[in-house]
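Architecture and fold: a report
Each chain, written out:
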Amino acid sequence: MTSNIKNICCIGAGFVGGPTMTVMADRCPDLIFNVVDISEERISSWNQNDLSKLPIFEPGLKELIEKNRNKNLFFSTKLKNAIENADLIFISVNTPTKLIGLGAGKSSDLKWVEASAREVAKFSRGHTIVVEKSTLPVRTAEVIKKILYSSLEETSEKDVSFSVLSNPEFLAEGTAINDLENPDRILIGGDDKEAMLSLSRIYKKWVPDHKILLTNIWSSELAKLASNAFLAQRISSINSISTICEVTGADIREVGMAIGRDSRIGSKFLESGPGFGGSCFKKDILNLAYLAEYFGLEDIARYWEGVVNFNIWHQRRISKIIVEKLFGTISQKRIVILGFAFKANTNDTRESAAIKICKDLIEEGADLIIHDPKVTQNQIEKELKIKSLFNNSEETDLSPKNKLGQWRFSETYDVFDNAHAAVILTEWEDYKNIDWLVESKKMVRPAWIFDSRSIVNPQEVTNAGLNLWRLGDGSSKNKKNDF
Ligand code: UDX
Ligand code: UDX
């Protein structure tokens, strides 16, 4: 029974709030979901008739939006209204790393969470369950509680009360809908058992009982940070081994397979790549490190920071290899970048390895042509903070007018003319089907394919007369008999 909860509000219609509420609305047709956001632009994209223009690309999302939007799922900017009517409010706003002030570069900026809590305090009526959905530093629930309860002291309304819960979301982008429909676990942290049971009754509509974990609020907050830190650490570990493979003649795919067969280790998250991206891993590890530092645990802080520092080093390593293979200079050389999203099946580019790698290559004077099936030119421009030299419509040659590097975006696969190299940075399915025999004829010889995601068929690339560098592939070492 969810009889005490009828109306749900979610503040923040982003990569987490949007898909999460969509799946919940689909699974709970008897409840009303109001997703609110301060951004008019974002809300109008969620309300688009043309479902290909939703603000987020996520496989399976548009079908669920079509089915549930304006039935029991509503997107609007009417925050006051949504809060007033809500029995339960999810806070799902973004929590970027602080840029200035105390904890700058490490701790999360909670200004949006604080602002949301203040709005909740101002407009809510009766008893409201307030749920942290955003990933937050440990003990943020206390901040939210303080804001809510201090507002109670100011108000004459006698019947207003709150319960604060932590319910972190574990979805990964690109597989969000499946992750939400079939979660490994649902974590609910709190000290108000009644509120915790009310929230768990909602999840029980589609999640088996044994997957719903109830903990204290701090354990729940810390478990989310620690899960992300463990996952990121695994990627840094496998990427560090890929470097050793390249110099010894081993192959990271074989090593990864052998490691993953140990049932204690498991096979997931062992794919070496250009370095982890996404909005969470780096931010959450830095939060964990900041927390440790705050409590005087310097060694713990350094331990976790190592994972992030290695990731940055690894991304740089890839751009250096590209320059080295192209005879030590890429000035005025055309290089095709295949993929800008931080992983396949998403249009999200936050912390994508492509940002650092493209910037490095542009700094070295390269002419980049960047392709991604879901990311827009505008988005790339925002991330690189360098204007695209050519509009998409201009089919001009790229011969540079000066010695600085430059980039342009291409919506089509017509990108290989006169290219010295192609660099695969995102594992989009389409890139597996490139006909290298055809494309190689358009490229400048000797031409290189740099595959940081292990998605090309090495035989097809080399048969097309192209040089191939694959991350973690030491086989060329074997051929040269370097030992
Ligand atoms: C998620 C998590 O919730 C966050 O904890 C994590 O750290 C980053 O990823 P996400 O949904 O991906 O956040 O963020 P984003 O896509 O930026 O969406 C946040 C939304 O909140 C934006 O649409 C923004 O306009 C909105 N917002 C922000 C509000 O509605 N009100 C505010 O006061 C601030
Ligand atoms: C992550 C967590 O997986 C999710 O549980 C949490 O809620 C949010 O943060 P997300 O960042 O969306 O999800 O994607 P994820 O699949 O974890 O990938 C993160 C980065 O790691 C990507 O850049 C991806 O390419 C990289 N990665 C992942 C690897 O390089 N190798 C792997 O084996 C797995």
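Below: a short report on this structure. If you're wondering where the values come from, they're calculated on a predicted model, not measured in any experiment.

Reading the values: rules and limits
- Residues numbered from 1 in each chain as written.
- Chains lettered and ligands numbered in written order.
- Predicted model: local features only at pLDDT ≥ 70, side-chain atom pairs only at ≥ 80, totals over all residues.
- Heavy atoms only, no water.
- Buried < 20%, exposed > 50% of the residue type's maximum accessible area, 1.4 Å probe, protein only.
- Helix = DSSP H or I, 4+ residues; strand = E, 2+ residues; numbered from the N terminus.
- Pairing = 2+ DSSP bridges.
- Polar contact = N/O pair within 3.5 Å; in protein donor to acceptor, adjacent residues only side chain to side chain.
- Patch = residues over 30% accessible without salt bridge, like charges linked within 9 Å, V, L, I, M, F, W, Y side chains within 5 Å.
- Areas by Shrake-Rupley, 256 points an atom, 1.4 Å probe, with all protein chains shown as cover.
- Salt bridge = Lys/Arg side-chain N within 4 Å of Asp/Glu carboxyl O.
- Near = heavy atom within 4 Å.
- Nonpolar A, V, L, I, M, F, W, Y, C, P; charged D, E, K, R; others polar.
- Expected span 1.5 Å × (residues − 1).
- Contact = heavy atoms within 4.5 Å.
- Core = buried A, V, L, I, M, F, W, Y, C linked by side-chain atoms within 4.5 Å.
- Axes fitted to C-alpha atoms, helices over the stretch in contact; angles between N-to-C directions.
- Parallel < 35°, antiparallel > 145°, perpendicular 65-115°, else oblique.
- Left-handed = near helix turned anticlockwise from the far one by under 90°.

1. A closer look at the pairing of strand β13 (residues 448-451)
On a regular strand, one side chain projects to one face of the sheet and the next to the other, so that they alternate. Side chains W448 and F450 project from β13 onto one buried face, and the interleaved I449 and D451 project onto a second face that is buried too. Across four bridges, strand β12 (residues 421-424) lies against β13 in parallel orientation. Pairing of I424 across the sheet is with D451, part of β13. Bridge count between β13 and strand β14 (residues 467-470): four bridges; the pairing is parallel. Bridged to F450 within β14 is W469.

2. A few points about the pairing of strand β3 (residues 73-76)
The side-chain alternation of β3 yields one buried face, formed by L73 and F75, and one unburied face, formed by F74 and S76. In the sheet, strand β2 (residues 32-36) pairs with β3 via four bridges, with the strands oriented parallel. Residue pairing for β3: V35 is matched across the bridge by F75.

3. Notes on helix α8 (residues 193-203)
Taken together, the buried positions of α8 are A195, M196, S198, L199, S200, I202 and Y203. Backbone nitrogen of E194 and a side-chain oxygen of the N-cap are separated by 3.1 Å at the start of α8; the cap is D192.

4. Considerations on a nonpolar patch on the surface
A cluster of nonpolar side chains, Y294, F295, L297 and I300, forms an exposed patch at the surface whose accessible area comes to about 460 Å². By the secondary structure assignment, L297 is in the loop between α11 (281-294) and α12 (298-325).

5. What to know about the site of ligand 1
D37, R42, T135, K283 and R350 are the nearest of the 18 residues found near ligand 1. Here an oxygen atom of ligand 1 and a side-chain polar atom of R42 are 2.9 Å apart. A distance of 2.6 Å separates an oxygen atom of ligand 1 from a polar backbone atom of T135. When ligand 1 sits alone it has 690 Å² of accessible area, and the protein chains cover 91% of it. Partitioning the shell around ligand 1 into residue classes produces five nonpolar, nine polar and four charged.

6. Considering helix α9 (residues 217-248)
An α-helical segment advances 3.6 residues per turn. Residues three or four places apart therefore align on the same side. Here α9 spans 47 Å end to end across 32 residues, near enough to the 46 Å set by a 1.5 Å rise per residue. Sitting at the head of α9, N216 places a side-chain oxygen 2.9 Å from the backbone nitrogen of W218. Remark: G249 follows α9 within two positions and exhibits a positive phi of approximately 100 degrees.

7. Quick word on the site of ligand 2
Around ligand 2 lies a shell of 19 residues, among which F170, E173, K224, E271 and K343 are the nearest. Contact between ligand 2 and E173: an oxygen atom at 2.7 Å from a main-chain N or O atom of the residue. Taken by itself ligand 2 offers 660 Å² of open surface, and the protein chains cover 90% of this. No other element matches the four residues that α9 contributes to the shell around ligand 2. Looking at side-chain class alone, the shell around ligand 2 contains eleven nonpolar, two polar and six charged residues.

8. Focus: the pattern of salt bridges
Per the counting criterion, the structure on display carries 31 salt bridges. In this structure, E293 and R302 form a salt bridge, with 2.5 Å as the shortest nitrogen-oxygen distance. What emerges from the salt-bridge pattern is a single network uniting K106, E293, E298, R302 and E305.

9. Topic: the environment of T349
Position of T349 relative to the elements: it lies in the loop between β9 (334-338) and α13 (353-363). Setting aside its immediate chain neighbours within four residues, T349 contacts F340, A341, F342, I355, V375, Q379 and E383. For T349, the side chain forms a polar contact with the side chain of E383, separated by 2.7 Å.

10. What to know about the nonpolar core
In this structure, I335, L368 and W436 are the most contacted members of the largest nonpolar core, which totals 53 residues. Elements with a minimum of two residues in this core: α12, β9, α13, β10 (367-371), α14 (377-384), β11 (406-410), β12 and β13. No other element matches the seven residues that α13 contributes to this core. Not counting residues within four places of it along the chain, the set of residues in contact with I335 comprises I322, L326, I330, A366, D367, L368, I369, A421 and V423. In terms of nonpolar packing, the next biggest core, distinct from the first, is built from 42 residues, C10, A13, L64 and M196 among them.

11. With respect to the packing of α9 against α12
Two elements in contact, α9 and α12, have axes whose closest approach is 9 Å; the angle formed by their N-to-C orientations is 40 degrees. Classified by the angle between their axes, α9 and α12 sit oblique to one another. Between α9 and α12 lies a crossing of left-handed hand. Of the residues in α12, those in contact with A229, F230, A232, Q233, S236, N239, S240, S242, T243 and E246 of α9 are Y303, W304, V307, F310, N311, W313, H314, R317 and I321. The residue inventory of the contact of α9 with α12, partitioned by class, reads nine nonpolar, eight polar and two charged.

So far we have only geometry, and geometry alone does not tell us how the molecule works.
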